[in-house]
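# Chains, contacts and geometry: an overview
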Amino acid sequence: MRSERLRREIDQALQAGWAIEDESPDRVVLVNRNYGDLGVHVVIALLTAWWSFGVLNAVYAAYKYLNDSQRRVLWESARACPNCGEAAAADAEFCRTCGEKLPHDSDGPHSCPECGVVLADGARYCRNCGSEVGTRSATGQDVG
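Quick look at the structure, then. Counting starts from 1 at the beginning of each chain's written sequence and moves along it residue by residue. A pLDDT threshold of at least 70 governs which residues receive local features in this predicted model, and a stricter bar of 80 or more applies before side-chain atom pairs are shown or counted, although totals over entire chains, interfaces and linings include all residues. Note that water and hydrogens are dropped before the side-chain values are worked out from all heavy atoms of the structure.

Helix and strand definitions follow DSSP, with helices as H or I runs of at least four residues and strands as E runs of at least two, each counted in order from the N terminus. Along the protein, the regular secondary structure elements total 3 helices and 7 strands. Of the regular secondary structure in the protein, the N- to C-terminal order runs α-β-β-α-α-β-β-β-β-β. Expressed as a percentage of its 144 residues, the buried residues of the protein come to 27%. Long-range contacts, defined as pairs at least 24 residues apart, comprise 34% of the intrachain contacts of the protein with a sequence gap of at least 6. Each accessible area is a Shrake-Rupley result for a 1.4 Å probe, and residues are judged covered by the shown protein chains and nothing else. Taken as a whole, the protein presents about 9700 Å² of accessible surface, with 54% of it coming from carbon and sulfur. Each residue's exposure class comes from its accessible area (1.4 Å probe, protein chains only) as a fraction of the maximum for that residue type: buried when under 20%, exposed when over 50%, partly exposed otherwise. Any two residues whose heavy atoms approach within 4.5 Å at even a single point are treated as in contact.

Here is the structure:
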């Protein structure tokens, strides 16, 4: 079941013209496609012969549609910023909206001993420097 926050974000994005490209119970991938600028289509029409204008405009529109699409991924999150309420990733140190430092439970994510980046539970390697960090046991202690 999706949270009220995620349902609200999805509804707002759909109203703004985004379309759902892929979804699962905890994540939704949204896409916002376009066909290019009207001005560029007019320039193509003016600079090409009348018989090729339609073909080149269609090629340009297809190129923009496929290569200039915006995507957003919305996640279901059990963690939220205490300042603004924005959803936060499990390994986030700061809120992406307001910059507030996010609290971590003692049994939550741990840091890489080499570079200090906060790691997700169960991480064996640091996503920043690549060093092996081991995994965390049920007691919260790092295991080799």
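Throughout this description, the term salt bridge denotes a Lys or Arg side-chain nitrogen within 4 Å of a carboxyl oxygen of Asp or Glu. Applying the stated criterion across every chain yields a total of 5 salt bridges. In this structure, Glu9 engages Arg5 in a salt bridge whose closest nitrogen and oxygen atoms are separated by 2.2 Å. Of this pair, Glu9 and Arg5 both sit in helix α1 (residues 4-15), 4 residues apart, which is roughly one turn of the helix. A relative accessible area of 17% means that Arg5 is categorised as buried. Between Arg33 and Glu21 there is a salt bridge, and its shortest N-O distance comes to 3.3 Å. Linking Arg33 in the loop between β2 (27-32) and α2 (38-47) with Glu21 in strand β1 (residues 19-24), this pair joins segments that are 12 residues apart in sequence. Looking at Glu21, the relative accessible area reads 37%, which means it is partly exposed.

A few words now on a nonpolar patch on the surface. Two distance rules govern patches: like charges are joined within 9 Å, and nonpolar side chains (Val, Leu, Ile, Met, Phe, Trp, Tyr) within 5 Å, applied only to residues with over 30% relative accessible area and no salt bridge. On the surface, Leu38, Val42, Val43, Leu46 and Leu47 cluster together to form a nonpolar patch covering roughly 560 Å² of accessible area. Tracing the sequence through the fold places Val42 in helix α2.

Before going further, it helps to examine the environment of Glu86. In this structure, Glu86 sits in the loop between β3 (70-75) and β4 (110-111). It is 8.6 Å that separates the C-alpha atoms of Glu86 and Cys98, two residues lying 12 residues apart in sequence. In contact with Glu86, not counting residues within four places along its chain, are Arg79, Ala80, Cys81, Cys95, Arg96 and Thr97.

Time to look at the packing of aromatic side chains. Working definition: a ring pair exists when centres of Phe, Tyr or Trp rings (six-membered ring for Trp) sit within 6.5 Å. Plane angles under 30 degrees give stacked, over 60 give edge-to-face, the rest tilted. Scanning the entire structure with this criterion turns up 0 aromatic pairs. The criterion is that NZ of a Lys, or CZ of an Arg, lies within 6 Å of the ring centre and within 35 degrees of the ring normal, and then a charge sits over that ring. Just above the ring of Tyr65 sits the side chain of Arg33; from NZ or CZ to the centre is 4.8 Å. Lying over the aromatic face of Phe94, Lys101 brings its terminal NZ or CZ to 5.2 Å of the ring centre.

Among the structural elements, Cys84 can be located in the loop between β3 and β4. For Cys84, a relative accessible area of 39% gives the class partly exposed. Distance from Cys84 to Cys95, taken between C-alpha atoms, is 8.5 Å for residues 11 residues apart in sequence. Not counting residues within four places of it along the chain, the set of residues in contact with Cys84 comprises Cys95, Thr97 and Cys98.

Right, let's talk about the state of the cysteines for a bit. Note on terminology: pairs of cysteine sulfur atoms within 2.5 Å are recorded as disulfides. If you walk through the whole model with that rule in mind, you get 0 disulfides. Cysteine Cys81 remains unbridged, with the sulfur of Cys98 as its closest cysteine sulfur at 3.7 Å. Relative accessible area serves as the criterion here: at 4%, Cys81 is assigned to the buried category.

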